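Letter by letter, the chains look like this.
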Amino acid sequence: MNKVPPINVEDKELWLEINTFQCEYGRFSPEACEKLRKRAEQLSSAKKIDDKTYLTKSICCKGCKEWKKLSEEVYEKRRKYLEQLKAQSEKEAKEEKRKKKKNVKMIICSLCGKEKRLYAKGLCAACYDKVYRRDRKKKKKKK
C-alpha cells in the first residue's frame, strides 16, 4: 500500500471527498482510521481503568477488515488529484510561455500562403530572407 499524504484544498467538500472514506462508523481519513485501530489494540491489552476511558476507546475498529480497501481507494483519489494538479500547472506554464514571447503575431504569408509567425513586411522569416537576398543581388548587379 503506497501511502499518499493528505492534500490541502480550500473547498471543504472537495477535501472530504478526496481525503476521507465512509465506513459504517463514520467518515474517516486513512490516518485517523489507523489511529483508531491502534487504540483498539491498546485497549485489548490494557486493563479497564474506569468507565470514561473505556468509552473513549474504539472497540469497533478492532475487528475491521475493510480498512485496507477503503484506505487504498483514498490513496488512489489523492494520486489522481495530484496528477490533475500537475497537468493543470504544466498547461498554465505553457500558456504563460506563449504569452511572454514577443512579436508572436500569426499571419498568412503573402508569398507562400501559409499561416506562420510574422517576421517583417507582412512576410514569414523564410520568405523575407528570400526577398532580401533577391533585392541584395539586384543591388549588387546594378553597381
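Just above, that's the structure.
Because the structure is a prediction, the values reported are computed rather than measured. (Residues numbered from 1 in each chain as written. Predicted model: local features only at pLDDT ≥ 70, side-chain atom pairs only at ≥ 80, totals over all residues. Heavy atoms only, no water.)

A.B. asks: Would you take a moment to explain the side chain of Asn19 for this structure?
C.D. replies: Position of Asn19 among the secondary structure elements: in helix α1 (residues 12-19). Judged by its relative accessible area of 0%, Asn19 falls in the buried class. Of the polar contacts made by the side chain of Asn19, one reaches the backbone oxygen of Ile7; its length is 3.0 Å. Apart from residues lying up to four places away in sequence, Asn19 is in contact with Pro6, Ile7, Phe28, Ser29, Pro30, Val74 and Arg78. (Helix = DSSP H or I, 4+ residues; strand = E, 2+ residues; numbered from the N terminus. Buried < 20%, exposed > 50% of the residue type's maximum accessible area, 1.4 Å probe, protein only. Polar contact = N/O pair within 3.5 Å; in protein donor to acceptor, adjacent residues only side chain to side chain. Contact = heavy atoms within 4.5 Å.)

A.B. asks: Help me understand the packing of aromatic side chains in this model?
C.D. replies: Any aromatic ring pair is given by two values, namely how distant the centres are and how the planes are angled relative to each other. For the coordinates displayed, the defined rule picks out two aromatic pairs. Aromatic pair Tyr128 and Tyr132: ring centres 6.4 Å apart, planes at 15°, arrangement stacked. Of this pair, Tyr128 and Tyr132 both sit in helix α5 (residues 125-142), four residues apart, roughly one helical turn. Judged by its relative accessible area of 45%, Tyr132 falls in the partly exposed class. These aromatic residues form a ring-pair network of at least three members: Tyr119, Tyr128 and Tyr132. One cation-aromatic arrangement involves Arg37 over Trp67; the distance from NZ or CZ to the ring centre is 3.4 Å. (Phe/Tyr/Trp six-rings, centres within 6.5 Å; stacked < 30°, edge-to-face > 60°. Lys NZ or Arg CZ within 6 Å of the ring centre and 35° of its normal.)

A.B. asks: Got a minute to help me understand unusual backbone geometry in this structure?
C.D. replies: What is expected of a backbone is that most residues other than glycine have negative phi and most peptide bonds are trans. The phi angle at Lys121 is positive, at roughly 55°, despite the residue not being glycine. Looking at where Lys121 falls in the secondary structure, it is placed in the loop between β4 (115-117) and α5.

A.B. asks: Can you walk me through the nonpolar core in this structure?
C.D. replies: Where a protein is soluble and globular, its nonpolar side chains tend to be buried together. Counting eight residues, the largest nonpolar core consists of Phe21, Cys23, Phe28, Cys33, Leu36, Cys61, Leu70 and Val74. Counting residues per element, the ones that place at least two in this core are β1 (21-23), α2 (30-45) and α4 (67-100). (Core = buried A, V, L, I, M, F, W, Y, C linked by side-chain atoms within 4.5 Å.)

A.B. asks: Mind showing me how you'd approach a positive patch on the surface here?
C.D. replies: Positive charge collects at one region of the surface, where Lys114, Lys116, Lys121, Lys130, Arg133, Arg134, Lys137, Lys138, Lys139, Lys141 and Lys142 lie side by side. Per element, the largest residue contribution to the positive patch is eight residues, and it comes from α5. When you line up the elements, Arg134 lands in helix α5. Given a relative accessible area of 47%, Arg134 falls into the partly exposed group. (Patch = residues over 30% accessible without salt bridge, like charges linked within 9 Å, V, L, I, M, F, W, Y side chains within 5 Å. Areas by Shrake-Rupley, 256 points an atom, 1.4 Å probe, with all protein chains shown as cover. Salt bridge = Lys/Arg side-chain N within 4 Å of Asp/Glu carboxyl O. Lys, Arg positive; Asp, Glu negative; His and termini not counted. Charge placed at Lys NZ, Arg CZ, Asp CG, Glu CD.)

Scope: geometric values only; no functional claims are made or implied.
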